[in-house]
Amino acid sequence: MALPHEDLHDKIAPSILSADFARLGDEVRAVEKAGADMIHFDVMDGHFVPNLSIGIPVMESVRKVTKLPLDAHLMISEPARYIEAFVKAGANSISVHCEVCPDIPAMAKRIHDLGARASIGINPETDADKVLPFAEHLDMILVMSVHPGFGGQEFIPAALDKLRYIRRELDRRGLSIDVEIDGGVKLDNIADVKAAGANVFVSGSGIFGKPDYGKIVGEMRDLIAQTHQP
Ligand code: DX5
Ligand code: ZN
């Protein structure tokens, strides 16, 4: 019998945090041409994470240069204040961190009412059980495999167990939702994260650090396609 998640598509989501911001439009067009499925957009507030990145005006500009879905990852302490502005700026999905989201169903409803897909992020030290009870309200769960705040960090292997646990629980409950892995995903571990249950693969330095985006996205896609989830 087919598992509930087997109808989900695998998606590669380059994180523009590692792009050359001086040439951002060209970088986004280049990864679209390379075969990316969506653009991962990392928002940092210097409070939830110890770094600052990009925000609403940059999203408006990126929206104009690509038709790909924009996947807003809000690493910010007060997401409720900004989600409407991000959806208006062009975000197709919004990830809010569970560590700063006391009412996940209400947040998901608010995101849905604005017309976007709702996702909840889980930091490496946070238990998946903080989010799983509310999974039926969500379109996606984002599993952090680095401590959020910076691109180019090492993948934390414990994220694989978390992915396996989340996908097993979702399957057990008949829920077919996206599970996104974010942080340190590269050619050498992308098959492992697919096998563990992820179907949305964020990669920043693993793609933008390479000279040929088409080649690396193609190689990632081949590895994902060859790997089956148990
Ligand atoms: C980390 C961000 C990630 C990061 C991924 O705070 O949420 O999206 O940009 O970059 P790599 O793939 O380089 O770890
Ligand atoms: Zn991210």
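Scroll up for the structure.
It should be emphasised that the depicted structure is a prediction, and the values quoted were computed from it without experimental measurement.

Q: How do you make sense of the coordination of the zinc ion (ligand 2) when you look at a structure like this?
A: When a metal holds four donors in a tetrahedron, each ideal angle between them is 109.5 degrees; when it holds six in an octahedron, the ideal angles are 90 or 180 degrees. Of the protein atoms, only His-40 (NE2), Asp-42 (OD), His-73 (ND1) and Asp-182 (OD) coordinate the zinc ion (ligand 2), at distances of 2.0 to 2.2 Å. Here the zinc ion (ligand 2) is ringed by 6 donor atoms whose angles at the metal span 71 to 174°, and the overall shape comes out octahedral. Of note, the donors binding the zinc ion (ligand 2) are all from one chain and are spaced H-x1-D-x30-H-x108-D. Here His-73 lies in strand β3 (residues 70–75) and His-40 lies in strand β2 (residues 39–44), a separation of 33 residues in the sequence.

Q: Looking at this structure, how should I read the site of ligand 1?
A: Taken together, 20 residues form the shell around ligand 1, and within it Asp-42, Gly-149, Asp-182, Gly-204 and Ser-205 come nearest. Note that an oxygen atom of ligand 1 is positioned 2.6 Å from one of the side-chain N or O atoms of Asp-182. For ligand 1, an oxygen atom lies 2.8 Å from a polar atom in the backbone of Gly-204. Here ligand 1 loses 100% of its free accessible area of 380 Å² to cover by the protein chains. Contributions of two or more residues to the shell around ligand 1 are made by β2, β3 and β8 (200–203). The greatest single-element share of the shell around ligand 1, amounting to 3 residues, is contributed by β2. Partitioning the shell around ligand 1 into residue classes produces 7 nonpolar, 11 polar and 2 charged.

Rules used throughout
Residues numbered from 1 in each chain as written. Chains lettered and ligands numbered in written order. Predicted model: local features only at pLDDT ≥ 70, side-chain atom pairs only at ≥ 80, totals over all residues. Heavy atoms only, no water. Donors = N, O, S within 2.8 Å, 3.2 Å for Na, K, Ca; no water. Tetrahedral: all angles 85-135°; square planar, octahedral: opposite > 155°, others 65-115°. Helix = DSSP H or I, 4+ residues; strand = E, 2+ residues; numbered from the N terminus. Near = heavy atom within 4 Å. Polar contact = N/O pair within 3.5 Å; in protein donor to acceptor, adjacent residues only side chain to side chain. Areas by Shrake-Rupley, 256 points an atom, 1.4 Å probe, with all protein chains shown as cover. Nonpolar A, V, L, I, M, F, W, Y, C, P; charged D, E, K, R; others polar.

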